[in-house]
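Letter by letter, the chains look like this.
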Amino acid sequence: MDKLYGMTEIEILKENLNNYGKLLEEIGGEVWELNISHPENIKDEDFIKYSFNYQTDMVLKFDEKIHEEDLCNLNKNLENFIKSDDDKIEFIYRQKEEKDKYKWVYSRGIKVFNEKGKLEKIIGIRSDITEKIIMKEAIFNLSHFDTLTNLSNKEKLKEDFSHVIKKNNKEDIAFLYIDIDDFRHVNNVLGYSFGDEFLKKFSDFLKQEFGKDNLIGRLNADEFLVIYKNYKDINSLEKMIEKFLKDLRKKNFLENSDFKLSASIGYSLFNINGKDFDTLLRYADTALHYSKSKGKSQFVRYSEKLGEYVFSQADMINQLRIAIERNEFIVYFQPIVCVKAEKISGYEALVRWIHPHRGMISPGQFIPIAEASGQMVEIEQIIIEECFKNLKLLIKLNPEMKYVSINLSARGMIERNIIKFLESLILKYDVDPKLIEFEVTESSLLNNIDRTVEILDKIKEMGFKLSLDDFGTGYSSLNYLKNLPFDKVKLDKSFIDNIETDERDHLMVKSIIELSHRLGLLVVGEGVETKNQRDLLYILECDFIQGFYYGRPEPIVN
Ligand code: C2E
Ligand code: CA
Ligand code: CA
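These remarks concern the structure in this document. The structure displayed is predicted, hence computed values, not measured ones.

1. Some remarks on empty space enclosed by the protein
Point 1. Enumeration over the complete set of coordinates arrives at one cavity of 30 Å³ or more.
Point 2. The volume enclosed by the largest cavity comes to roughly 30 Å³.
Point 3. If you trace the largest cavity, you find it lined by Asp181, Asp182, Ser264, Lys292, Gly295, Lys296, Arg321 and Glu325.
Point 4. For the lining of the largest cavity, a count of residues per class yields no nonpolar, two polar and six charged.

2. Comments concerning the coordination of the calcium ion (ligand 3)
Point 1. Each protein donor to the calcium ion (ligand 3) is listed here as Asp469 (OD), Asp470 (OD), Glu526 (OE) and Glu526 (OE); together their distances run 2.2 to 2.7 Å.
Point 2. Written as a sequence motif, the donor arrangement for the calcium ion (ligand 3) is D-D-x55-E.
Point 3. Judged by its relative accessible area of 25%, Asp470 falls in the partly exposed class.
Point 4. What makes Glu526 buried here is its relative accessible area of 11%.

3. Overview of helix H22 (residues 531-539)
Point 1. By the burial criterion, the buried members of H22 are Gln533, Arg534 and Leu537. Looking down the long axis of H22, one finds its buried residues gathered within 100° of arc, a one-sided arrangement.
Point 2. For H22, the secondary structure elements touched by its buried residues are helix H20 (493-497), helix H21 (503-518), strand S17 (522-526) and strand S18 (544-546).
Point 3. Phi turns positive, to about 65°, at Glu541, one or two residues after H22.

4. A few points about the coordination of the calcium ion (ligand 2)
Note on metal geometry: ideal angles are 109.5 degrees for four donors arranged tetrahedrally and 90 or 180 degrees for six donors arranged octahedrally.
Point 1. Protein coordination at the calcium ion (ligand 2): the donors are Glu348 (OE), Asn407 (OD1), Glu439 (OE) and Asp469 (OD), at 2.1 to 2.3 Å from the metal.
Point 2. Between the calcium ion (ligand 2) and the calcium ion (ligand 3) the interatomic distance comes to 3.9 Å, and Asp469 is a ligand of both metals. Here Asn407 lies in strand S13 (residues 403-407) and Glu348 lies in strand S11 (residues 343-355), a separation of 59 residues in the sequence.
Point 3. Owing to a relative accessible area of 3%, Glu348 belongs among the buried residues under this scheme.
Point 4. On the basis of relative accessible area, Asn407 is assigned to the partly exposed category, the value being 26%.

5. Observations concerning the site of ligand 1
Point 1. Close to ligand 1 lie 21 residues; Gln334, Arg352, Glu380, Glu529 and Phe548 are nearest.
Point 2. Between Gln334 and ligand 1, the recorded distance is 3.0 Å, taken from a side-chain N or O atom to a nitrogen atom.
Point 3. Contacts to ligand 1 include Asp469, whose side-chain N or O atom sits 3.0 Å from an oxygen atom.
Point 4. In the complex, the protein chains occlude 79% of the 800 Å² of accessible area that ligand 1 would expose alone.
Point 5. Within the residue set of the shell around ligand 1, elements represented by two or more residues are S11, helix H13 (363-373), helix H14 (376-397) and strand S15 (465-471).
Point 6. Top contributing element to the shell around ligand 1 by residue count: S11, with four residues.
Point 7. Here the shell around ligand 1 is composed, by residue class, of nine nonpolar, four polar and eight charged.

Rules used in this analysis
- Residues numbered from 1 in each chain as written.
- Chains lettered and ligands numbered in written order.
- Predicted model: local features only at pLDDT ≥ 70, side-chain atom pairs only at ≥ 80, totals over all residues.
- Heavy atoms only, no water.
- 1 Å grid on protein atoms, 1.4 Å probe; cavity = no way out; pocket = protein on both sides within 12 Å on 5 of 7 lines; lining within 4 Å.
- Points joined across faces, edges and corners; volume = space filled by probe spheres on them.
- Nonpolar A, V, L, I, M, F, W, Y, C, P; charged D, E, K, R; others polar.
- Donors = N, O, S within 2.8 Å, 3.2 Å for Na, K, Ca; no water.
- Buried < 20%, exposed > 50% of the residue type's maximum accessible area, 1.4 Å probe, protein only.
- Helix = DSSP H or I, 4+ residues; strand = E, 2+ residues; numbered from the N terminus.
- Arc of directions from axis to C-beta.
- Contact = heavy atoms within 4.5 Å.
- Near = heavy atom within 4 Å.
- Polar contact = N/O pair within 3.5 Å; in protein donor to acceptor, adjacent residues only side chain to side chain.
- Areas by Shrake-Rupley, 256 points an atom, 1.4 Å probe, with all protein chains shown as cover.

Structure (structure tokens):
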């Protein structure tokens, strides 16, 4: 207070201004002023340019430094603001700092009028928001670009495609759906880090081959889309695709090695096959599927006939090969309920094949074929890994659940060192084996019994639980079970179906439950659909129930 005594009004004002200046500096702002004092005889439009560009030093500097792409907009905004009744304005522009380096500026201003009510100037503050913009760009990039390859993702491709057709919807555009052949093996044989490295190199290769003018993106793991613009005619387009496939086959992606790869392509045409992104993508994918079923390093153009194609058994094996490569399988989980507590105790994992054009295919349709062709082992491994991966999420969704039960076939047990595979999964996903149960069927025990028992013992030793699936449909007796390391038996649905009406089935179920309990085994009743069936099993002291009565198999929804 003392300091103010004896100060003139001007000095106090200066002092105040000084303080406000410091404050602005502190918060990173700058004051600007735009004078609108002007000769009366100049036309409106001229005066705005005139005053904005030349009237004050400040504006002059300000102007010179503004990015040319922003200058026109800025002038227009100011012009409108001056003419309007608005009293506030805000704008964002880029301002030059050094050569080719710009900062982002956020500016706000208000009008100042003289005593006659005439607009005299605009004053405002501006601040540097470069950091915020960079962050926003980074977020945009994250949601629009694939972080591994830096290519666009599907959303960005879709957006860019809409701009392309807005400009000229007569353009000749082709959607090339590109999929690397046998990429799963690259990962399996050479490891995931090489897989990633390879995908980056492959992306560069795509850019090099298809040039800057076309849109290139990655759809998922090893699937890419090139939106090829301005092709001359089908002939030259196909020549170009052929050249790409040939160049790829020759390309060496690994130094000092003759490791080579190929890709398959399906393509669809804008205007001819469809006009919107999703349709063109789907058709290109259909064509890709057929291309893959013909073999590797091929390409196919979409036609309506492909869409009507019906699968034959031989083709199913081909389709399964593609499905394994592209991982078209998902896991559904069906609750297994503790009868006494009436609470979910665990889930059985059941595979579903989501074919891109035929929709969901149930295990009954493809497992027999996959088993006969030897493909089931690979599918099973995909499902087992999927269960390990999802276990924590399942527990999060239902903290009371105690296990996931996974089906294991006879070949799945014996082929491909299952023990090593499980050991690696325990480490990879940090999973307690107590939380996983394996279901094997009676019939799977009949072949190669010694080897099977040896493996079952090891699985049990590792801490996993075991249950005997479809009990009652095979030939084994409970006595035989005594020597095997099972924790549970699953009573087949065929007994449960008639438990209310068929006295013999009722008696069978009753004695199986009693005997199992005497052998220290728990019992799961499968395929329970009605309350009556549930009540009967409750009376017979069945431990667990699985069936549509409590819940159907469903995918996890996070
Ligand atoms: P499963 O192991 O006996 O599995 C139970 C089957 O019964 C499932 O059929 C399930 O959806 C069905 N189910 C459950 N409750 C009811 C009910 O109340 N009523 C009726 N009508 N059905 C019910 P899904 O999923 O079609 O599986 C069929 C078979 O395919 C399975 O029989 C299993 O043997 C095999 N399977 C499924 N997923 C896998 C897998 O990941 N690996 C292996 N190796 N086999 C699998
Ligand atoms: Ca089962
Ligand atoms: Ca079963």
